[in-house]
Amino acid sequence: MKLLSWFRGSFRVGKGRIQVKILSLFFLSLLLLISCKNVTLTPPKTESPPLKIAYSAWPGFLPVALAKEKGFFAQQGVKVETFYSEDTMAQMADFSAGNYDGVTLALGSIGIISGKNPDVQIIFATDRSAGADAIVAQSNITSVAELKGKTIGTGLGGFGELFVTTMLETNGLTTDDVTLINVDGDKIPAQIKTGEIQAGQTWEPYVSQVVKSGGRNLFTSDKTPGLIPDVMAFRGIVVRERPDDVQAFVRAWFQAVDYWKANFKEGNELIAKVLKISPETISLEGVELLNLNDNLKAFTPGSTTDSLYHTAQLYSSFYIRTGGIARPLEINQLLNPVFLKALEKEQ
């Protein structure tokens, strides 16, 4: 009987332990359920891919290299992958195909792209050409008048053709007096040297290459102030879907512009390091690099080439007349000053 009593007592104690464990597990599960009910589960934030930005050797576009090297993009919280090329025609085609998010080009070039793909937005101007664009020629041609009957290379259907046309008209000639053929600016020095063309429209650093090889600088963009502005353009879908990244890019760009103007020698050395060229080959001569205030003025409607609205209208009319585009440019859609105005408020 004692043995049975002991066994029954032990069973009661054991049964109590089991009950305590079950109750503990129940209350723990209940607490977990309550906790989970009050917590909103959010999926992990996906990191935005880098903005893909294409640029070329034109001096006004080089702040993008400086911003990258100085870490300004990282400081502003945006990742940027840059693509350098001297082939502007290929850049235009790649940008149109959606291979880049943004690109630095002449306003006239963006106008051609926009004429075929309206979902492109210019968010700021990088610079104005004030002598760095030019019509260069063989050494035996000493004046614009001597171009009559000659072959001139330029980007047909783009800003180069308008520039050449303006030069001819201001010197009593027309495009009927010459033969215009399609040649990209970086190919001009070689084709003048071989005699394929007698003159051509190009820009720095290719103007200097022609002059150094014995050619002649006939006509420069300082005679057509404001006619050739250069710009930063983004695909519309990027502007709409990634406005914070675009705004950060704008901040970093003007940070680089201000830095370069204040530290020109050091800026040249950093840019040269990125491009693997000599710092001595980098110059802003003939280029009016535009800061934020310059841009705010340029993005104001006006009746002179100080205004991008007026200049864009000049290109639109020219392209319609020459068949470069089928319909007038939607200038108010093409020019987007939102990011400039936002940066103005931040300062």
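Residues numbered from 1 in each chain as written. Predicted model: local features only at pLDDT ≥ 70, side-chain atom pairs only at ≥ 80, totals over all residues. Heavy atoms only, no water.

### Some points on helix α5 (residues 107-116)
The buried fraction of α5 is high, at nine of 10 residues. By the burial criterion, the buried members of α5 are Leu107, Gly108, Ser109, Ile110, Gly111, Ile112, Ile113, Ser114 and Gly115. (Buried < 20%, exposed > 50% of the residue type's maximum accessible area, 1.4 Å probe, protein only. Helix = DSSP H or I, 4+ residues; strand = E, 2+ residues; numbered from the N terminus.)

### A word on the environment of serine 114
Inspection of the secondary structure assignment puts serine 114 in helix α5. What makes serine 114 buried here is its relative accessible area of 6%. Sequence separation between serine 114 and proline 328 is 214 residues, and the spatial gap between their C-alpha atoms is 9.8 Å. Sequence-distant contacts of serine 114, defined by excluding residues within four places in its chain, comprise Leu329 and Leu334. (Contact = heavy atoms within 4.5 Å.)

### Brief notes about the sheet that holds strand β1 (residues 51-55)
Strands sit in the order β2-β1-β3-β10-β4-β11 across an open sheet of six strands; the sheet is mixed. Edge positions in the sheet fall to β2 (80-84) and β11 (287-289), since each has one partner strand and no second. Between one strand axis and the next, the sheet turns by 30° as a mean value, whatever way the strands run. Strands β3 (102-106), β4 (120-129) and β10 (229-235) of the sheet are contacted by α5, whose axis makes an angle of about 120° with β3. (Pairing = 2+ DSSP bridges. Axes fitted to C-alpha atoms, helices over the stretch in contact; angles between N-to-C directions.)

### A closer look at the packing of helix α2 (residues 63-70) against helix α10 (residues 243-262)
Contact pair α2 / α10: the axes reach a minimum separation of 8 Å and the direction vectors enclose 95°. Taken together, the axes of α2 and α10 are roughly perpendicular relative to one another. Two secondary-structure elements touch here, α2 through Pro63, Val64, Leu66, Ala67 and Lys70 and α10 through Phe249, Ala252, Trp253, Ala256, Val257, Tyr259 and Trp260. A class-by-class count of the residues in the contact of α2 with α10 yields 11 nonpolar, no polar and one charged. (Parallel < 35°, antiparallel > 145°, perpendicular 65-115°, else oblique. Nonpolar A, V, L, I, M, F, W, Y, C, P; charged D, E, K, R; others polar.)

### Describing the packing of aromatic side chains
Within this structure, the stated rule accounts for 15 aromatic pairs. Here phenylalanine 124 and tryptophan 253 contribute two aromatic rings whose centre-to-centre distance is 5.1 Å and whose plane-to-plane angle is 40°, an arrangement assigned as tilted. Taken as a pair, phenylalanine 124 in strand β4 and tryptophan 253 in helix α10 lie far apart in primary sequence, 129 residues in all. Like tryptophan 253, phenylalanine 124 is buried. (Phe/Tyr/Trp six-rings, centres within 6.5 Å; stacked < 30°, edge-to-face > 60°.)

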